Amino acid sequence: QVQLVESGGGLVQAGGSLRLSCAASGRTFSNYCMGWFRQAPGKEREFVAGLTRGGNRAYGDSVKGRFTISRDNSNNTVYLQMNSLKPEDTAVYYCAADSIGFMIRYNVRSWEYWGQGTQVTVSS
């Protein structure tokens, strides 16, 4: 079992930055693929970024070049650095973990563990 707890959300003006953190429980954190998803009101949850146990990264098209995912295996934490934020980035952001650690799966239903979410609001 893996428990995930996100933090770092908040209100920011357009063009600003935020860094989300996700603290994970469990001794096998380094084996998991870690990811970030988001869900805006009235929309489906969408893939934002993923990072395999081997260090391969992938990003959703709408965040490429602005967001960066990273992980610190010594602290069981995954981060999402968000720069040049736009109002359309407003959503609840969720951290997720997948025991298929060597690949990034874009389907929401493929991910096994989820955090409770943290709200990010970008004002125009």
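About the criteria used
Residues numbered from 1 in each chain as written. Predicted model: local features only at pLDDT ≥ 70, side-chain atom pairs only at ≥ 80, totals over all residues. Heavy atoms only, no water. Salt bridge = Lys/Arg side-chain N within 4 Å of Asp/Glu carboxyl O. Helix = DSSP H or I, 4+ residues; strand = E, 2+ residues; numbered from the N terminus. Buried < 20%, exposed > 50% of the residue type's maximum accessible area, 1.4 Å probe, protein only. Core = buried A, V, L, I, M, F, W, Y, C linked by side-chain atoms within 4.5 Å. Pairing = 2+ DSSP bridges. Axes fitted to C-alpha atoms, helices over the stretch in contact; angles between N-to-C directions. Disulfide = S-S within 2.5 Å.

S.K.: Just checking my understanding: could you explain the pattern of salt bridges for this structure?
M.R.: All told, the structure shown has five salt bridges when counted by the stated rule. In this structure, the salt-bridge partner of Arg38 is Asp89, at a minimum N-O distance of 2.9 Å. Placement of the pair is Arg38 in strand E4 (residues 33-39) and Asp89 in the loop between strand E8 (77-82) and strand E9 (91-98), with a sequence separation of 51 residues. Of the two residues, Arg38 and Asp89, neither departs from the other in class, the shared state being buried. Where Lys64 meets Asp61, a salt bridge forms, and the shortest distance between an N and an O atom there is 3.1 Å. What makes Asp61 exposed here is its relative accessible area of 67%. Via salt bridges that share partners, Arg38, Glu46, Arg66 and Asp89 belong to a single interconnected network.

S.K.: In this structure, what is going on with the nonpolar core? I would like to understand it.
M.R.: Across soluble globular proteins, nonpolar side chains have a tendency to be buried as a group. The biggest cluster of nonpolar side chains holds 30 residues, and the ones touching the most others in it are Leu4, Trp36, Leu80, Met82 and Tyr93. For this core, the elements supplying multiple residues, two or more each, are strand E3 (18-24), E4, strand E5 (46-51), strand E7 (67-72), E8, E9 and strand E11 (118-123). Counting seven residues, the second-largest nonpolar core is a separate cluster that includes Cys33, Ala96, Ile104 and Trp111.

S.K.: In this structure, what is going on with the sheet that holds E8? I would like to understand it.
M.R.: The strands making up a sheet associate through backbone hydrogen bonding, with each pair oriented either parallel or antiparallel. Taken together, the four strands give an open sheet; going across it, the order is E1-E3-E8-E7, and neighbouring strands pair in antiparallel fashion. Every other strand in the sheet has two partners, leaving strand E1 (4-7) and E7 as the edge strands with one partner each. Each strand of the sheet is rotated relative to its neighbour by a mean of 15 degrees, with strand direction disregarded.

S.K.: Please clarify how the pairing of E4 should be interpreted in this entry.
M.R.: A regular strand places its side chains on the two faces of the sheet in alternate fashion. Taken across its seven residues, E4 has six buried, putting it largely inside the fold. Pairing analysis gives five bridges linking E4 to E5, with the strands arranged antiparallel. Its bridge partner lying in E5, Gly35 is registered against Gly50. Here E4 folds back onto E5 in antiparallel fashion, the turn holding six residues, of which Gly42 has a positive phi close to 75 degrees.

S.K.: Explain the state of the cysteines to me, please; I cannot follow it from the model alone.
M.R.: One way to say it: the disulfide is the covalent bond shared by the sulfur atoms of two cysteines. A complete count under the given rule lists one disulfide for this structure. For Cys22, the disulfide goes to Cys95, at an S-S distance of 2.1 Å. On the sign convention where negative means left-handed, the S-S torsion of about -80 degrees between Cys22 and Cys95 marks this disulfide as left-handed. Note that Cys22 is positioned in strand E3 and Cys95 in strand E9, a separation of 73 residues in sequence. Like Cys22, the residue Cys95 is buried in the burial classification.

Honestly, it's all geometry; don't read function into it.
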